[in-house]
Amino acid sequence: MNLQQTSRRSEKLESVVIRFAGDSGDGMQLTGGQFTLASVLAGNDVATFPDYPAEIRAPTGTLAGVSGYQLHFSSSEIFTPGDSVDVLVAMNPAALAKNLPFLRENGLLIVNSDAFTSKLVKMAGFESNPLDEGDTSLERYQVFPVDLNRLTRDALVDTDLSSKEVDRCKNFFALGLMCWLYERDLSVLVEEVETQFRKKPRYMNANLLVLNGGYNYGENSAQFMTRYEVPAAKAGVPGTYRNLQGNEAIGLGLIAAAHRSNKPLFLGSYPITPASDILHFLSQQKALDVLTFQAEDEIAAMCATIAAAWGNQLAVTTTSGPGMALKGEAIGLAVMTELPMVIVNVQRGGPSTGLPTKTEQSDLLQALYGRNGESPLPVLAARSPGDAFEAAYEAARIAMKYMVPVILLSDGFIANGAEPWRVPDVADLPEIAVNELDNADDFPDGFHPYTRDPVTLARPWPKLGTPGLEHRLGGIEKWDITGHISYDPENHQHMTDQRQARVDGITREMPPSEITGDASGDVLVVSWGSTYGACLTATRLMRKEGHSVSHLHLRWLNPLPADLAEIFPRFGSILVPEINNGQLYTVLRSKLNFVGRPYNRVAGVPLQIDDLKAEIAKSLAS
Amino acid sequence: MTTQPPRKLKPKDFATDQDVRWCPGCGDYAILAGVQRSLAQQGIPPEKIAFISGIGCSSRFPYYMATYGFHTIHGRAPAFATGLKIVQPDMQVWVITGDGDALSIGGNHFIHLLRRNVDVNLLLFNNRIYGLTKGQYSPTSEVGKVTKSSPLGSIDAPFKPLQLAIGANAGFLARVIDVDAKVMSEVTAAASAYRGTSFVEVLQNCNIFNDGAWEDIAAKHVRAAATVHVQHDQPMIFGTEKNKGVRLVGLTPQVFTIGEDGLTAADAWVHDAYDPDLTRALVLARMEGPELPTVVGVLRQVERPVFETEVRAQAAAAGTGSASDLQALLVGRRSWTVD
């Protein structure tokens, strides 16, 4: 045992935010994902925020090519990936330049010193190498330069890998080192590497060597005198847990809903960032009665989905904002023909192509109103990666019960982020009522497709191919009950009202709105979608500081819960934070009377807790 | 298809109680009657049939058929048909479309339907005009066409629908004149028997906005001389006197008179509808007056893998999962337990 080890100390921390950053080809998403896994299996609560460029492989060493993965792990319950970063792992100068603004003062900065060549330093926009002796630009941080390339090469000196292949392993060195630094159990990751590289034993061995090399480097070098421990979180609700990403959660929720309604699942989709992973995931689930169709375009995907709904499937389409724009006309047809389906919009930065890999909440008004004519449909939103399962399940349940297309809003933050999730027992999930008709017994004088359930106003879902239930659907206005073409003025008014009333009636499905904090007070923070975690955390922190603040999160955006009208007047002021220019705020303003204001920031990134606290303080002061 | 024996059906079993609202004299009436007759003959019950259309005059068709029907949105009927065939492969699906619907706004879906070879029968009513919007030039209008939106004549080069379909590797190609009941029932019968996308171009008149759309071919007094009805294994002989033949010199079709220049009926090109090579189908599709007769009948019926059959085969090969497989998927590869 050497001196360094004896004098080394261990520090206990409640939570840590790490950001891994490197070139797009450096494997930062993989590294972050693996460290996340090690953390959840160590019993921490986690929240992640992958932040990557739209370009697949921008030129090496450029600012445009920097890919990041932020991970917040904690021994208490957390809801966001964290505002500022405690530890930045920078694989090259560009990664440092781009991510340094997020690193808190006195934070740990671990840099791959081998990548700080004069060429790469210059490409990153530094005038001189910030690691040079005498350079003061990094003096506010604890800097740990590590020769990652050289150390990786040393670890692999006895393998037959080419030097290019060797260099690609360096992310595992960083991962091993971080595992040592945060006292993570390496055996979990050893198993992962063994599984993932099962078919490529050369890479498996190399990655294992490097992973261990990184861990041992921490142990043996004198560079790190403190190790950190983030103890396991208090055990939550008993059950089986896993780490779950939002896109996969949506796929799982839909399969579960199909299973519980005894329906095959059909997905008609066209690849688009950041929604494509749902298509990828579902295309692998054929054995669970899932059929996927990659259409020729967004419009065809929507149309095939409508046809599949007509053909008695749980029909789904997945897309992002630009795809929603293209699908608009067909969604109108789905409204008119009153067919059940789920339309998933994984929102990204807009307008137009916008910021394909960044997050935003700016498609709310598009979801509510982005069609011609009066075409109301239910809209709900997921609030976190794990919650996306329940949101997708609920979307499918309502679609089939009410015979209506439902829009489910997610976003890039939820899609790629991950969190621990308690796995439900499929048999315990809510029942799904399906209004299916498989005979014409109740229609001796011919089938009338627009008869309605007196409570839900849902029309029947005739089983295609049944004798006596032949009918014609279409986009032209229908006669009530018979479904024949109608241009009658009074009938059009009546049908317009019926379509609206059917959607409005969905409020009967909603439990009373849940308020975090007191039922009345000075400020009520109202949020929807992925800002849930930040708004909840900011509210809790402000309450701890003694302020009268409560939080209400909306699952449903259309219809809005009926009890908002009595809740809002109980608060002095309503604060509506959104990653858009005030879309929910506009909707609330149009439907309710209240004193309040929006807080909007459209930067392609999640809202920050500190900013929200400041906004709450402003509302309190006004 | 289902195995039940064919039911005795009459054309009126396929007619709805809805008033047909096409203009008097419209070619659509003849097509509707022809299709109803043909369906009655093939004996598939109405509940096993779906008619899907887009937008346009022709697209009102499903309202007049006592089958399942879906009048969708402009140009997209092939996408609906594809979705339906994937989930309900036993339904016989017909797509009714027009030149604007299929070739302009819906051009993308049209070619993708053909390339995938989804088992649907697509009837394209080609009247070379936009009728429902009251008379603008369409993607099959001839150059120079004067319409409301082309007062100085259209400068757009037109599509030839069969040629476009060949580009998408269509397995079944046919052409028929709206009022030609005999060829209509031959073509619709062959189309419904074919497994894959059957593409039928119907040369149709619009007596309101483009009267005489196909006058040079379809008019009773010119039809025999201006068209050749191709049938598999039969020589291409045509003309009022049945004394004209088409022969192939290299890949160039030529018209000859039987008995002149030492040429006999035996010199006529013998039609091979099952030729896997597309070259001759393209030659047939491009033939037109005044030098050459326009081809009607079934130009091509070549077997290709059927899309929804392949989709279903992949799904079947994946096996059938149980509720416990679903639970296992939810739990995922890595999980932990909290007691």
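Being a predicted model, the structure only gives us computed values, none of them experimental.

*Asks:* Even after reading the chapter, I still don't get the overall build of chain A, so can you show me in this structure?
*Replies:* Check the secondary structure of chain A and you find 21 helices and 25 strands. On the principal axes, the C-alpha backbone points of chain A span a range of 95 × 60 × 45 Å. Split into buried and exposed, the 622 residues of chain A put 61% on the buried side. In chain A, the proportion of contacts linking residues at least 24 apart, taken out of those at least 6 apart, comes to 76%. Accessible area for chain A stands at about 23,500 Å²; split by element, carbon and sulfur atoms hold 49% of it.

*Asks:* For this particular structure, what's the right way to read the overall build of chain B?
*Replies:* Along chain B, the regular secondary structure elements total eleven helices and twelve strands. Principal axes of the C-alpha set define a box for chain B whose edges measure 95 × 45 × 45 Å. The long-range share in chain B, meaning contacts at least 24 apart out of those at least 6 apart in sequence, stands at 66%. Accessible surface for chain B amounts to roughly 14,300 Å². Of this, 53% is attributable to carbon and sulfur atoms. Here chain B contributes 32 positively and 33 negatively charged side chains, and the mean placements of these two sets differ by 5 Å.

*Asks:* I tried to follow the packing of aromatic side chains on my own but got confused; where do I start?
*Replies:* When we look at a pair of aromatic rings, we describe it by the centre distance and by the angle of the planes. The tally for this structure, following the rule as stated, stands at 28 aromatic pairs over all chains. Both rings, one in Phe 49 of chain A and one in Phe 413 of chain A, keep their centres 5.8 Å apart while their planes meet at 75°; by these two values the pair is edge-to-face. Pair noted here: Phe 49 of chain A is in strand β3 (residues 45-51) and Phe 413 of chain A is in helix α16 (residues 412-416), with a separation of 364 residues, a long-range link. We classify Phe 49 of chain A as buried; its relative accessible area is 9%. Among the aromatic side chains, those forming a connected cluster through ring pairs are Trp 22, Tyr 29, Phe 51, Phe 61, Tyr 64, Trp 94 and Phe 125 of chain B. Here the basic side chain of Arg 202 of chain A rests over the ring of Tyr 203 of chain A, its NZ or CZ set 5.8 Å away from the ring centre. One cation-aromatic arrangement involves Arg 128 of chain B over Trp 214 of chain B; the distance from NZ or CZ to the ring centre is 4.1 Å.

*Asks:* Before we go on, may I ask you to explain the side chain of Ser 59 of chain B in this structure?
*Replies:* Residue and element names in this part refer to chain B. Secondary-structure assignment places Ser 59 in the loop between β1 (49-53) and β2 (68-71). Among the polar contacts made by the side chain of Ser 59, one reaches the main-chain amide nitrogen of Gly 54 at a distance of 3.1 Å. The residues contacting Ser 59, other than those within four sequence positions of it, are Ser 53, Gly 54, His 71, Ile 96 and Asp 101.

*Asks:* I'm lost on the pairing of strand β6 (residues 198-203) of chain B in this one. Help?
*Replies:* Along a regular strand, successive side chains alternate from one face of the sheet to the other. Residues and elements named next belong to chain B. Most of β6 sits out of view: six of its six residues are buried. Going residue by residue along β6, you find Ser 198, Val 200 and Val 202 tucked away on one face and Phe 199, Glu 201 and Leu 203 tucked away on the opposite face as well. Bridge count between strand β4 (residues 120-126) and β6: six bridges; the pairing is parallel. Bridging across to β6, Leu 124 finds its partner in Glu 201. Taken together, the six bridges between strand β5 (residues 172-177) and β6 define a ladder with parallel strand orientation. Residue pairing for β6: Leu 173 is matched across the bridge by Phe 199.

*Asks:* Looking at this structure, I do not really get the confidence of the model for chain B. What am I missing?
*Replies:* One rule of thumb: low pLDDT means the predicted coordinates there are not for detailed reading. Scored by pLDDT, chain B has a mean of 95; 98% of the residues are at 70 or more. Across the interfaces of the predicted complex, the ipTM metric reaches 0.97, alongside a pTM of 0.95.

*Asks:* How should the domain arrangement of chain A be read in this particular structure?
*Replies:* As a measure of interface size, the accessible area lost when the parts come together is often cited. Residue and element names in this part refer to chain A. Under the domain assignment, chain A is made up of domain 1 (3-229), domain 2 (241-509) and domain 3 (515-621). Inter-centroid distance (C-alpha atoms) of domain 1 to domain 3 is 36 Å. Between domain 1 and domain 3, the contact holds five residues from the first and ten residues from the second. Summing both sides of the interface, domain 1 and domain 3 together bury roughly 670 Å²; the carbon and sulfur share of this comes to 59%. Area buried by domain 1 at its contact with domain 3 is led by Phe 79, Thr 80 and Asp 83, which between them contribute 77% of it. For the interface between domain 1 and domain 3, the tally reads zero salt bridges. The interface formed by domain 1 and domain 3 includes two residue pairs in polar contact (both at pLDDT 80 or more). Grouping the constituent residues of the side of domain 1 that touches domain 3 by class yields two nonpolar, one polar and two charged.

*Asks:* Just checking my understanding: could you explain unusual backbone geometry for this structure?
*Replies:* The omega torsion across Gly 350 of chain A and Pro 351 of chain A is 0°, close enough to zero to call that bond cis. Within the fold, Pro 351 of chain A resides in the loop between β13 (341-347) and α14 (364-369). Here Met 403 of chain A, not a glycine, exhibits a phi torsion of approximately 50°, which is positive. Along the chain, the position of Met 403 of chain A falls in the loop between α15 (387-402) and β15 (405-411). For Asp 261 of chain B, which is not glycine, the phi torsion reads 55° and is therefore positive. Along the chain, the position of Asp 261 of chain B falls in the loop between β10 (252-257) and α9 (279-286).

*Asks:* What am I meant to see in the sheet that holds strand β25 (residues 596-600) of chain A here?
*Replies:* The strands that make up a sheet pair up through hydrogen bonds in the backbone, lying either parallel or antiparallel. Residue and element names in this part refer to chain A. Strand order in the open sheet made by the five strands is β20-β22-β21-β24-β25, with mixed pairing throughout. Edge strands, defined here as strands with exactly one partner in the open sheet, are β20 (515-516) and β25. Summarising the sheet, strand β21 (residues 521-528) and strand β24 (residues 571-578) pair through four bridges and their orientation is parallel. Each bridged residue has a counterpart across the sheet, and for Leu 524 the counterpart in β24 is Ile 574. Contacts from helix α20 (residues 583-591) reach β21, β22 (549-554), β24 and β25 within the one sheet, and its direction differs from that of β24 by about 140°.

*Asks:* What should I look at first to understand helix α13 (residues 321-337) of chain A in this one?
*Replies:* Counting along an α-helix, one turn takes 3.6 residues, and residues three or four places apart therefore face a common direction. All names here are of chain A. An ideal rise of 1.5 Å per residue puts 24 Å on 17 residues; α13 measures up with 23 Å between its terminal C-alpha atoms. Its axis deflected by about 55° at Gly 328, α13 carries its strongest bend there. Burial of α13 is extensive: 13 of the 17 residues sit out of reach of the surface. The first or second residue beyond α13 is Glu 338, which carries a positive phi of 50°.

*Asks:* Sorry if this is basic, but what is going on with empty space enclosed by the protein here?
*Replies:* By rolling a water-sized probe across the atoms, one finds the places where empty space is left. Residues and elements named next belong to chain A. Considering all chains together, one arrives at one cavity of 30 Å³ or more under this definition. Taken as a whole, the largest cavity spans an internal volume of roughly 50 Å³. Taken together, Phe 49, Pro 50, Tyr 52, Thr 357, Lys 358, Thr 359, Gly 412, Phe 413, Asn 416 and Gly 604 make up the lining of the largest cavity. Top contributing element to the lining of the largest cavity by residue count: α16, with three residues.

*Asks:* What am I meant to see in the interface of chain B and chain A here?
*Replies:* Contacts between chain B and chain A engage 61 residues on the former and 72 residues on the latter. For the pairing of chain B and chain A, the buried interface totals around 5,400 Å² over both sides, and the portion due to carbon and sulfur atoms is 65%. Among the residues of chain B in contact with chain A, Tyr 68, Arg 334 and Trp 336 of chain B are the three that bury the most area, contributing 17% of the side total. Counting across the interface, chain B meets chain A through four salt bridges. Here Arg 334 of chain B ties to Glu 191 of chain A by a salt bridge, and the two come within 3.4 Å at their closest N and O atoms. Residue assignment for the side of chain B that touches chain A shows that the elements contributing at least two residues are β1, β2, α2 (77-87), α4 (107-116), α10 (307-317), α11 (323-331) and β12 (335-338) of chain B.

*Asks:* Would you mind going over the environment of Asp 363 of chain A with me for this structure?
*Replies:* All names here are of chain A. Looking at where Asp 363 falls in the secondary structure, it is placed in the loop between β13 and α14. Judged by relative accessible area, Asp 363 falls into the buried class, the value being 10%. As a C-alpha pair, Asp 363 and Ser 619 span 256 residues in sequence and 26 Å in three-dimensional space. When sequence neighbours within four positions are dropped, the list of residues in contact with Asp 363 reads Gly 321, Asn 345, Gln 347 and Gln 583.

*Asks:* Would you mind showing me how to read the sheet that holds β15 of chain A here?
*Replies:* Residue and element names in this part refer to chain A. One open sheet holds the seven strands; their spatial order is β11-β10-β12-β13-β15-β14-β23, and the pairing between them is mixed. At either margin of the open sheet sits one strand with a lone partner, and together these are β11 (290-294) and β23 (556-558). Looking at each pair of strands side by side, their axes are set apart by 20° on average, direction ignored. Relative to strand β12 (residues 314-319), strand β10 (residues 265-269) runs parallel, the two sharing five bridges.

Basis of the calculations
- Residues numbered from 1 in each chain as written.
- Chains lettered and ligands numbered in written order.
- Predicted model: local features only at pLDDT ≥ 70, side-chain atom pairs only at ≥ 80, totals over all residues.
- Heavy atoms only, no water.
- Helix = DSSP H or I, 4+ residues; strand = E, 2+ residues; numbered from the N terminus.
- Buried < 20%, exposed > 50% of the residue type's maximum accessible area, 1.4 Å probe, protein only.
- Contact = heavy atoms within 4.5 Å.
- Areas by Shrake-Rupley, 256 points an atom, 1.4 Å probe, with all protein chains shown as cover.
- Lys, Arg positive; Asp, Glu negative; His and termini not counted.
- Charge placed at Lys NZ, Arg CZ, Asp CG, Glu CD.
- Phe/Tyr/Trp six-rings, centres within 6.5 Å; stacked < 30°, edge-to-face > 60°.
- Lys NZ or Arg CZ within 6 Å of the ring centre and 35° of its normal.
- Polar contact = N/O pair within 3.5 Å; in protein donor to acceptor, adjacent residues only side chain to side chain.
- Pairing = 2+ DSSP bridges.
- pLDDT = per-residue confidence, 0-100.
- Domains from an automatic or database assignment.
- Buried area = accessible area lost by both parts, 1.4 Å probe.
- Salt bridge = Lys/Arg side-chain N within 4 Å of Asp/Glu carboxyl O.
- Nonpolar A, V, L, I, M, F, W, Y, C, P; charged D, E, K, R; others polar.
- Axes fitted to C-alpha atoms, helices over the stretch in contact; angles between N-to-C directions.
- Expected span 1.5 Å × (residues − 1).
- Bend = angle between axes of the 7 residues up to and from the residue.
- 1 Å grid on protein atoms, 1.4 Å probe; cavity = no way out; pocket = protein on both sides within 12 Å on 5 of 7 lines; lining within 4 Å.
- Points joined across faces, edges and corners; volume = space filled by probe spheres on them.

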